[in-house]
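# Examining the three-dimensional arrangement
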Amino acid sequence: MWYRSNATIVSIAIALATVVGAAAPVQATGIYTEATLKRDAPRLKRAISRIYNEGLRPKFKPQETAGIGRATFKFPLPRPDDAVLNFYAGYVNGKATVVLPLQSLKLVEDLTTAFAWLYVTKQPFGPLDLYFAMLQRKPHEDLGRPGRRDILTLLGAPKNVLKNKAVDRLSLSLRNEAFAFIVSHELGHILFKHKGLAGITPAQARADEVQSDAFALDVLARSGTPPLGAVLFFQAQIFSLPHRGEHKTQAAWQSYLDTASTHPLSVDRIQAMAKMVTGPLAAKRPTERGIWVDVGRQLRGVNAILADVELHNCMTRVAEQAPVSLLRQPGEAEHRAIKRLCAAQ
């Protein structure tokens, strides 16, 4: 479950740095039918159980085990107003509970499958970015009928894509890495007894996110799990959370961060993760140091994307005006159309 060769990890990390884009919070839009989510629920629940019980919990320190206790996991169906990447933790009837909505889990799984398919077949990664931007910007009906708006369908991936053993192995590993980070991060909120959003300032909420990020990365390091799937998850969040391009000035963006934002994928948050990955985590794992240092470099590359206002504005225009068919590997004519859209004021 937790394996990967060094050469493959480094090459994938380099590829991840090319995924770009932006968006505001994305809500549930009929990506999957209820029947599909119910069908896949047992498999997704088993995956989370194995990752937690076999990969994460054995690596907890005694004080962490005591602080987290026997956490309960819930896997609800999506509500109409749910964000598509919507994971959270808290206490239900006094019991520590991690909530992992089925739609969010399946979207992360499909994202890692789409990335693996593009990587193995040597196709560009731009459609991954554009999918999330279109999910946010386009009217829902423009994306196709409900239940057919998932990333694999809209990118034109083969229905039997996982029969390709290389795609299957890579997507499984990336998925498990992403799930491990998500679960560890949410358990960090429980461990540190974070209060949630009620009654705390945005600055404190962001500090809580950074603390949970650090815990998750540390646990992944102890389990020998490079956080490449987590980096891909962060890339998707660029399009699912508010970004700098939605604000006319840096001062307006900073005001938003100071007064309203609680969960931004901000430069400061990513920088803190990159510093931890390339510093103490890399130092503690000398045989894997190159892998962790390279992942840190890719996280810093994410920061360059986050700060690129022109790129975000370009992606918004393309997402709003280009046809959904553009997701199916654009040709030269489509690339010229994209350039014209991005050049427009």
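Whatever comes next refers back to the structure up there.
Reference entry: report on the structure contained in this document. (Residues numbered from 1 in each chain as written. Predicted model: local features only at pLDDT ≥ 70, side-chain atom pairs only at ≥ 80, totals over all residues. Heavy atoms only, no water.)

## Describing the environment of Pro280
- Inspection of the secondary structure puts Pro280 in helix H11 (residues 267–284).
- According to the relative accessible area criterion, Pro280 is partly exposed, its value standing at 42%.
- Separated by 62 residues in sequence, Pro280 and Asp218 place their C-alpha atoms 9.3 Å apart. (Helix = DSSP H or I, 4+ residues; strand = E, 2+ residues; numbered from the N terminus. Buried < 20%, exposed > 50% of the residue type's maximum accessible area, 1.4 Å probe, protein only.)

## Observations regarding unusual backbone geometry
- Its identity is not glycine, yet Asn93 carries a phi of approximately 55°, on the positive side.
- Assignment of secondary structure puts Asn93 in the loop between strand E2 (88–92) and strand E3 (95–99).
- Take Asn93: its relative accessible area is 81%, and that puts it in the exposed class.
- The phi dihedral of Lys122 falls on the positive side, at around 60°, and the residue is not glycine.

## A word on the nonpolar core
- With 96 residues, the main nonpolar core has Leu100, Tyr131 and Leu187 as its most contacted residues.
- Counting residues per element, this core draws most heavily on helix H7 (residues 165–191), at twelve residues.
- Among residues more than four places away in sequence, those in contact with Leu100 are Ile48, Phe73, Lys74, Phe75, Pro76, Phe87, Leu105, Ile182 and Val183. (Core = buried A, V, L, I, M, F, W, Y, C linked by side-chain atoms within 4.5 Å. Contact = heavy atoms within 4.5 Å.)

## Observations regarding the side chain of Asp40
- Relative to the helices and strands, Asp40 is located in helix H2 (residues 34–56).
- Here Arg39 takes part through its side chain, which lies 2.9 Å from a polar atom of the side chain of Asp40. (Polar contact = N/O pair within 3.5 Å; in protein donor to acceptor, adjacent residues only side chain to side chain.)

## Focus: a positive patch on the surface
- A cluster of basic residues, Arg145, Arg148, Lys159 and Arg328, forms a positive patch on the protein surface.
- Within the secondary structure layout, Lys159 lies in the loop between helix H6 (151–155) and H7.
- Lys159 sits in the exposed class, given a relative accessible area of 82%. (Patch = residues over 30% accessible without salt bridge, like charges linked within 9 Å, V, L, I, M, F, W, Y side chains within 5 Å. Areas by Shrake-Rupley, 256 points an atom, 1.4 Å probe, with all protein chains shown as cover. Salt bridge = Lys/Arg side-chain N within 4 Å of Asp/Glu carboxyl O. Lys, Arg positive; Asp, Glu negative; His and termini not counted. Charge placed at Lys NZ, Arg CZ, Asp CG, Glu CD.)

## Points about the packing of helix H8 (residues 202–222) against H11
- As a packed pair, H8 and H11 sit with axes 10 Å apart at the nearest point and diverge in direction by 30°. Classed by the angle they form, the pair H8 and H11 counts as roughly parallel. For the pair H8 and H11, the sense of crossing is right-handed. Residues Glu209, Val210, Asp213, Ala214, Leu217, Asp218 and Ala221 of H8 lie in contact with H11, whose contacting residues are Arg269, Ala272, Met273, Met276, Val277, Leu281 and Lys284. (Axes fitted to C-alpha atoms, helices over the stretch in contact; angles between N-to-C directions. Parallel < 35°, antiparallel > 145°, perpendicular 65-115°, else oblique. Left-handed = near helix turned anticlockwise from the far one by under 90°.)

## So, the environment of Tyr91
- As for its placement among the helices and strands, Tyr91 is situated in strand E2.
- Not counting residues up to four positions away in its chain, the partners in contact with Tyr91 are Ala96 and Ile190.

## A closer look at the pairing of E3
- Burial of E3 is extensive: four of the five residues sit out of reach of the surface.
- Of the pairings in the sheet, the one linking strand E1 (residues 72–74) to E3 comprises three bridges and is parallel in character. Note that in E3 the partner of Lys74 across the bridge is Val99.
- Where E2 meets E3, five bridges bridge the pair, whose relative direction is antiparallel. Looking at the pairing, Val92 lines up with Lys95 of E3.
- In this antiparallel pair of consecutive strands, E2 and E3, the connection spans two residues, and Asn93 shows a positive phi of 55°. (Pairing = 2+ DSSP bridges.)

## Some thoughts on the sheet that holds E2
- Read from one edge of the open sheet, three strands run E1-E3-E2, paired in mixed fashion. Pairing within the sheet leaves two strands with one partner each, and these edge strands are E1 and E2. Across the sheet, the mean angle separating the axes of adjacent strands is 35° when strand polarity is ignored.
- Sheet strands in contact with H7 are E1, E2 and E3, and its direction is about 150° off that of E3.

## Focus: the packing of H11 against helix H12 (residues 289–306)
- Running from N to C, H11 and H12 point in directions that differ by 170°, and their axes come no closer than 8 Å. The angle between H11 and H12 falls in the class roughly antiparallel. Across the interface between the two elements, Val267, Ile270, Gln271, Met273, Ala274, Lys275, Val277, Thr278, Leu281 and Ala282 of H11 pack against Arg289, Trp292, Val293, Val295, Gly296, Arg297, Leu299, Arg300, Val302, Asn303 and Leu306 of H12.
- Residues of the contact of H11 with H12, tallied by class, amount to 13 nonpolar, four polar and four charged. (Nonpolar A, V, L, I, M, F, W, Y, C, P; charged D, E, K, R; others polar.)

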